[in-house]
Structure formats: structure tokens, C-alpha cells
Amino acid sequence: MNQSATIDRLVDRALFIRLETLRLSRIAGAGHYSGTFSAAELLAVLYYHQLRLDPLRPDWPDRDRFVLSKGHAAIGLYPVLADLGYFEPSELDDYTRLGSAFGDHPDMRKIRGIDFSSGSLGHGLSIGVGMAMGARVQGRDYRTYVMVGDGELAEGQVWEAVMSASHYRLESLVCIVDRNRLGIDGPTEEIMTAEPIDERFGAFGWDVQRINGHDLGAITGAFDRINSSTSDRPHVLIADTIKGKGVARMEGDVHWHVGNLNAEDYAAVEQELREGTIR
Amino acid sequence: MSSRSTHEGQDQSEVFRGVATAAKADRETGKGIARASVPAFVAGEELANLADSDERVVVLTADLASANRLNDFSSRHPHRFFNLGIAEKNMISAAAGMASTGLIPFVGTFASFASLLGYEQIRTDCAYPGMSVRILAHHSGMSLGYYGSSHHALEDLAAMRAVADLTVACAVDGNQLRAMLRASLDLPGALYLRLGRGRDPEVYSEVPADFSFGRAVKLQEGSDVTIIATGSEVHPALGAAEILQSQGLSVRVLDMHTIKPLDQEAILAAAAETKAIVTVEEHSVIGGLGGAVAEVLADHSTGVAFLRHGVHDEYVLIGPPVSLYQHYRLDAQGIAAVVTKFLS
């Protein structure tokens with residue numbers, strides 16, 4: 001696939017993630033819209049371009065690992081796993097309903113393709129550290145990718161993990177920061193200062209890249225750079241994003257961290273997503 | 001007790017007669033403490049032995065490899081050992097990540113930090129996803145003596161017992177710990193293993209070949225009262241039984257090494273066959289062994305005379321461990337006095 005066709009495909013899949021988030025939120029009655037929309041391009045590139053996977057073998061020991069440490073964006077990940085064939089898409093039709101495998105945060109014991117359960121912020125990067133150590137102990141060459149939120153960086157455990165990853169030179173570990181600038185109560189920089197994120201990771205000994213997290217060419221380019229890296233440092237991709245990206249009423253509005261569209265608004269939001277073009 | 005085959009056909013009480021005799025000899029000579037059987041200190045060596053033939057074994061600690069002697073492991077398997085520094089939360093979560101790749105991580109740190117600082121990581125990253133992480137929570141209870149309450153773990157059994165899909169056990173001595181570590185390789189899910197401070201006198205003269213998580217050991221038969229003890233309190237419980245017997249009482253002693261899953265059968269048998277039950281633990285009487293046994297007795301409406309002995313909802317005094325055990329009546333004489341008073 002040439003570059004342009006690759007990007008077209010990723011644009012389409014990011015739209016799919018947003019539309020499915022809309023559909024599943026409607027089943028649940030509410031959803032983590034904006035923190036999923038900020039990560040849609042990142043998830044699309046990871047699952048449709050970067051990760052070494054075999055959906056028919058979810059336990060393949062040499063698969064790349066992905067930990068969604070910001071587990072509240074699982075509503076955008078489930079449709080991707082269904083689309084890739086980990087399970088039947090119809091299994092999502094009772095999303096969050098009594099007895100469903102699919103809750104707001106992902107459960108690895110119930111869902112094929114989830115490499116680790118998440119939900120409590122601050123844990124995921126440590127889990128990834130362990131997965132990368134596991135690769136080293138067992139002589140495997142998979143990479144481990146962990147997506148964290150920017151508000152999550154206030155959790156002290158994140159920095160324990162950051163420290164240990166560089167101490168053990170875990171070059172197979174890739175941390176992706178969805179830098180959407182908003183927590184639940186307001187801007188991260190008002191709640192608890194996150195910046196300078198790049199300098200902080202750099203000071204801890206990580207290989208740092210900072211990109212526009214909605215620019216599909218920039219995201220694939222950053223991963224290309226990691227793929228060809230000879231550094232023994234762990235990698236962090238700080239992706240500057242817009243919380244709620246793609247829906248005007250949600251963009252940059254803290255009230256859509258968990259939101260609930262009125263029934264009459266779904267069609268308009270869907271149309272807005274389909275007409276918008278995020279590249 | 002060198003192999004399972006020597007046990008076959010023997011009555012359990014007969015098997016452990018030798019055990020109790022050995023423990024008695026230790027108490028009389030005072031040599032128990034000097035013997036090589038020390039829980040926290042054999043883990044590194046035993047795990048190194050296990051790792052020789054099992055590639056899944058890895059070990060992690062938080063700047064305590066010399067305190068818990070996990071450096072006996074790191075010297076033999078340096079590439080399967082990870083010191084994560086003083087960062088217990090990251091260590092436990094990283095162990096869970098390692099377990100997800102097929103390894104069996106053994107994680108050693110002080111029980112106070114493992115259980116309280118690492119509680120959410122044990123629950124959410126180890127037990128909930130079913131990860132085969134083994135927490136070696138050493139220096140439990142008040143065994144760090146005058147280090148004070150920051151370093152005491154008197155709530156850990158209560159906390160751990162409430163976590164679903166988590167096995168919770170307490171090692172009595174080095175030989176039982178070796179048996180537990182071996183058995184843990186085939187144990188599904190996560191394990192919280194509570195250890196003493198590495199100077200625990202021997203109760204089991206050899207590695208018990210028939211150890212099984214969830215099955216209590218009847219160390220001594222008796223009909224007047226049953227003392228149910230766990231971990232560090234099993235040895236003094238045997239001493240207390242000896243004192244009580246000299247007063248004419250018939251005392252059953254159960255080593256309830258596994259707090260979860262609890263051996264209900266052994267508890268209900270004690271309730272039916274002996275006149276009273278006293279639980280003894282180096283832990284708060286709230287929610288630990290005593291709480292667990294009380295729940296079983298109440299659920300089955302047994303009505304047996306019952307007393308929980310342990311620490312009664314307080315932060316304990318500063319003092320050397322031996323002095324603390326005397327003060328809180330957790331040594332043999334103290335337990336005997338508590339039981340005598342209860343029965344009168």
C-alpha cells in the first residue's frame with residue numbers, strides 16, 4: 001500500500017472508531033467520548049499499521065503487546081478488536097449491559113485481544129515495564145506499547161515506571177501520551193501541571209518525540225523512527241491532541257469527558273463526523 | 001518425612017508426633033532460633049533451586065535483597081532477578097506484567113509495604129486478572145519490633161482475605177516455606193505469602209511432602225480445646241499446648257497455614273470434637289485468622305466456645321520482638337494463660 005492509500009485507510013478507521021464510540025455510548029446511555037476521540041488516530045495507527053498481531057492467535061507469545069492504561073478509552077478499542085476478528089462484532093451489541101464482557105474499562109479475562117486489564121490510572125506503564133522485562137528474560141523480540149493519559153501523569157507510580165524503564169534500558173517499551181490537555185475538572189495545567197512532559201521524560205533517560213496526535217503522517221512517521229531506532233532507551237511519543245476531536249460541541253469542553261447525547265442529536269453528530277476530515 | 005511414600009497409610013497425628021517432638025526439643029534446648037530453618041531466609045535459595053529446572057521463575061525485590069536473602073537467588077540467576085528500588089507499586093504491577101508473558105514472578109518486600117502500599121496493585125493487577133504473582137511478604141506482624149508501626153503489618157491478612165481469587169497463606173518455618181514455594185508453581189492465580197522475620201524456630205523437621213494450600217495440618221490431637229494458629233504463632237501454640245497439658249488439659253493444635261481458602265472442614269471438626277476453640281495470630285483480631293474462623297463458626301451456628309487472641313485494635317508498643325510477644329501474650333506462656341483464663 002502506498003503512503004497515500006495507507007493514510008486514506010487510517011482516516012477511514014479513525015472515523016470508524018469515532019462512529020462506533022457514538023453507537024456504543026448510546027447503548028450504555030453515556031460514554032467517555034472526548035478522551036476516546038482524542039486517541040482515535042493513535043489507536044488507528046497502532047492497530048491498523050504498527051502492531052505485530054495475529055487476531056487468530058490472541059495468545060501468540062511473540063505478538064506486540066498493547067496496554068490501554070487510560071482504560072476509559074476502551075469504548076474505542078473494542079470495535080477495533082472486533083473489526084480485526086478477535087471476536088464477533090455483534091458481541092458489542094450489549095455493551096455494558098448486565099453480564100456483558102465489555103465494560104467501561106477492559107477485562108483481559110473476558111475479552112480476546114486485551115493484553116492487560118486496566119482502569120485504575122497509573123498502573124499501565126508498570127505493567128508494560130513487566131512485559132518488556134518478560135521479553136528480555138525469554139529472549140523474545142516483541143515490543144510493548146502503553147497508552148497513558150496526560151492527567152494520569154500525576155500518578156506517582158507512572159514515574160516509578162519511567163525510572164525503572166530507563167534503568168533497565170527497556171528499548172522495546174513505547175509509551176504514548178495522549179496529551180489532550182483536559183482532566184475531568186478542567187485543564188491539566190490548572191489541576192496539576194504536566195508540562196514540560198518532553199523534558200521530564202528526557203530527564204529520566206527516555207527517547208522523546210512530540211507530534212500532532214491527529215496527524216496520521218506524523219504518527220506513522222514517529223513509529224517509523226522507533227522501528228529503525230538503534231537506541232537502548234525506552235521510547236515516548238507525546239501526542240498533542242484535542243479532547244473531543246471531530247465533534248465541535250465536544251472539542252475542548254471538559255463536560256464531555258463522560259457525556260450523554262440527546263437522542264435527537266446522534267444523527268447530527270454522526271453527520272458531522274462523516275463530513276469532517278481529520279488527516 | 002523424606003517423601004510422600006513414607007506417609008502413606010499413616011495416621012496424620014502419627015506423622016506429626018515426630019514433628020511436635022522435634023519442636024519440643026528445640027524449645028527445651030533453646031536451639032530452635034539458631035537452626036537453619038528460617039522462612040524469609042530460605043526463599044532465595046529455594047527459588048534458585050526451583051529456577052534451575054523451571055524457566056518461569058523470576059524474582060523481584062525493592063532494595064531488600066540482603067534483608068530477605070533473595071540475593072541467594074540473584075547470585076545464581078542474575079538475569080532473572082530484578083531489583084526495582086524503593087518503588088513497591090511499580091514492582092508489583094511490573095511483576096503482573098511479567099506474569100502475563102508466562103513467567104512466575106516472586107516479589108519480596110516487607111509485609112507492611114507489600115500489603116498496604118501495594119494493596120491495589122495486588123488486587124487490581126495480580127488477583128483480578130488472575131496473574132501468577134507470588135508476594136513474599138516478610139517481616140510480618142510486629143516482628144520488626146522497635147522499628148515501630150510504620151513497619152508492622154497487623155492488618156494484612158484482613159486486607160488480603162477480602163480480595164477475590166487471591167490465595168493467602170502464612171509460612172510457619174523454613175521447611176514449610178520450601179513446600180509452599182514448590183506448591184506455588186502449580187497454583188492458579190495470585191498468592192500472598194506471609195513470612196516471619198527469618199528467625200522463626202522450626203516446627204517441621206523436614207519439608208512436608210504432603211503440603212497442600214487450603215488443607216490445615218493437625219499437629220496434635222486433643223479434645224478439651226483446639227488452638228488454631230497460623231504462621232509465627234504455630235510454634236508458641238505448640239508450647240502453650242504443652243503447658244496446658246501439664247495442667248491436665250487435652251489440646252488439639254491446628255496449623256491453619258492457609259487463610260484463604262480456609263479449611264472449613266478442620267474448623268467444623270474442631271467445633272464438633274473439642275469443647276472450645278482459640279485462634280492465635282500475630283495480627284489484629286479483626287478480619288484475620290480469628291475473623292475468618294468466627295465467620296465459619298457463625299455461618300454454621302456451631303455455638304462452640306470461641307476466643308480470638310491476637311492484637312486488639314491498637315498500634316503496638318515499641319520494643320524488641322521477644323518483649324512484644326511477651327507483652328501481648330503471644331509467646332507460649334502468654335497463650336497458655338489466655339486459654340486457661342478463657343476456659344475458666
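Everything quoted here is computed from the prediction, not taken from an experiment. (Residues numbered from 1 in each chain as written. Chains lettered and ligands numbered in written order. Predicted model: local features only at pLDDT ≥ 70, side-chain atom pairs only at ≥ 80, totals over all residues.)

A. Quick look at the overall build of chain A. Looking only at helices and strands, chain A has 10 helices and five strands in total. Its C-alpha radius of gyration of 18 Å places chain A within 12% of the 19 Å reference for a compact globule of 279 residues. For chain A, the spread of C-alpha atoms along the three principal axes comes to 55 × 45 × 40 Å. Residues classed as buried in chain A amount to 48% of the 279 residues present. (Helix = DSSP H or I, 4+ residues; strand = E, 2+ residues; numbered from the N terminus. Rg over C-alpha atoms; globule rule 2.2 N^0.38 Å. Buried ≥ 20, exposed ≤ 12 C-beta atoms within 10 Å, placed from the backbone.)

B. Geometry of the packing of helix 5 (residues 124-138) of chain A against helix 4 (residues 88-99) of chain B. For the pair helix 5 of chain A and helix 4 of chain B, interaxial distance at closest approach is 6 Å and the crossing angle is 50 degrees. Between helix 5 of chain A and helix 4 of chain B, the interaxial angle falls into the category oblique. Read as a crossing pair, helix 5 of chain A and helix 4 of chain B show a hand that is right-handed. On helix 4 of chain B, the residues that touch Ser126, Ile127, Gly128, Val129, Gly130, Met131, Met133 and Gly134 of chain A of helix 5 of chain A are Asn90, Ser93, Ala94, Ala95, Ala96, Gly97 and Met98 of chain B. (Axes fitted to C-alpha atoms, helices over the stretch in contact; angles between N-to-C directions. Parallel < 35°, antiparallel > 145°, perpendicular 65-115°, else oblique. Left-handed = near helix turned anticlockwise from the far one by under 90°. Contact = placed C-beta atoms within 7 Å.)

C. Spatial organisation of the interface of chain B and chain A. Chain B puts 25 residues into the contact, and the matching count from chain A is 23 residues. Of all the secondary-structure elements, those providing two or more residues to the side of chain B that touches chain A are helix 4 and helix 6 (119-127) of chain B. The element best represented in the side of chain B that touches chain A is helix 4 of chain B, accounting for eight residues.

D. A look at helix 4 (residues 74-84) of chain A. Residues and elements named next belong to chain A. Within helix 4, nine of the 11 residues are buried, leaving the element largely enclosed by the surrounding structure. Within the sequence span of helix 4, burial applies to Ala74, Ile75, Gly76, Leu77, Tyr78, Pro79, Val80, Leu81 and Ala82. Packing partners of the buried residues in helix 4 comprise helix 1 (3-28), helix 2 (33-37), helix 3 (40-50) and strand 1 (65-68). Positive backbone phi, approximately 105 degrees, marks Gly85, located one or two places after helix 4.

E. Region of the structure containing the environment of Val168 of chain B. Residue and element names in this part refer to chain B. Examined against the element boundaries, Val168 turns out to sit in strand 5 (residues 166-170). When the 28 C-beta atoms within 10 Å are taken as the criterion, Val168 is described as buried. Placed 134 residues apart in sequence, Val168 and Thr302 show a C-alpha to C-alpha distance of 25 Å. In this structure, Val168 is in contact with Leu157, Met160, Arg161, Tyr192, Ile259 and Lys260, ignoring residues within four places of it in sequence.

F. Looking closely at the packing of helix 5 of chain A against helix 6 (residues 156-167) of chain A. All names here are of chain A. Where helix 5 meets helix 6, the closest approach of the two axes is 8 Å, and the angle between their N-to-C directions is 25 degrees. In terms of axis orientation, helix 5 runs roughly parallel to helix 6. The way helix 5 lies across helix 6 gives a crossing that is left-handed. Contacts between helix 5 and helix 6 involve Leu125, Ser126 and Val129 from the first element and Gln157, Val158, Glu160, Ala161, Val162, Ser164 and Ala165 from the second. In the contact of helix 5 with helix 6, the residues fall into six nonpolar, three polar and one charged. (Nonpolar A, V, L, I, M, F, W, Y, C, P; charged D, E, K, R; others polar.)

G. Inspection of the confidence of the model for chain B at higher detail. With 88% of its residues at a pLDDT of at least 70, chain B reaches an overall mean of 90. Note that residues 1-37 of chain B has pLDDT below 50 and, in this model, 51 contacts with residues that lie over four places away or in other chains. (pLDDT = per-residue confidence, 0-100.)

H. Region of interest: the sheet that holds strand 6 (residues 190-194) of chain B. All names here are of chain B. The strand order across the open sheet built from seven strands is 2-1-3-4-6-5-10, with neighbouring strands paired in mixed fashion. Each edge of the open sheet is held by one strand with a lone partner, namely strand 2 (81-83) and strand 10 (258-260). Going from strand to strand, the sheet's axes swing by 20 degrees on average, the running direction of each strand aside. Along the sheet, helix 4 makes contact with strand 1 (57-61) and strand 3 (104-110), crossing strand 3 at roughly 165 degrees. Helix-sheet contacts for helix 6 involve strand 4 (134-138), strand 5 and strand 6, and the interaxial angle to strand 6 is about 145 degrees. (Pairing = 2+ DSSP bridges.)

I. Here's a closer look at the domain arrangement of chain B. All names here are of chain B. You can read the domains of chain B as domain 1 (11-33 + 210-343) and domain 2 (39-194). A separation of 25 Å is found between the C-alpha centroids of domain 1 and domain 2. On the domain 2 side, the residues contacting the 30 residues of domain 1 number 26 residues. Classifying every residue of the side of domain 1 that touches domain 2 gives 14 nonpolar, 13 polar and three charged. (Domains from an automatic or database assignment.)

J. Summary view of the sheet that holds strand 2 (residues 144-149) of chain A. Residues and elements named next belong to chain A. Pairing is parallel in the open sheet, where five strands are placed in the order 1-2-3-5-4. The open sheet has two free edges, formed respectively by strand 1 and strand 4 (207-212), since each of these has just one partner strand. With strand direction ignored, the average angle separating the axes of adjacent strands in the sheet is 20 degrees.

K. Region of interest: unusual backbone geometry. In the segment running from Glu195 of chain A into Pro196 of chain A, the intervening peptide bond is cis, with an omega of 0 degrees. Here Pro196 of chain A lies in the loop between helix 7 (188-191) and helix 8 (197-203). Cis geometry marks the peptide bond from Lys260 of chain B to Pro261 of chain B; its omega dihedral reads 0 degrees. In this fold, Pro261 of chain B is placed in the loop between strand 10 and helix 10 (264-273).

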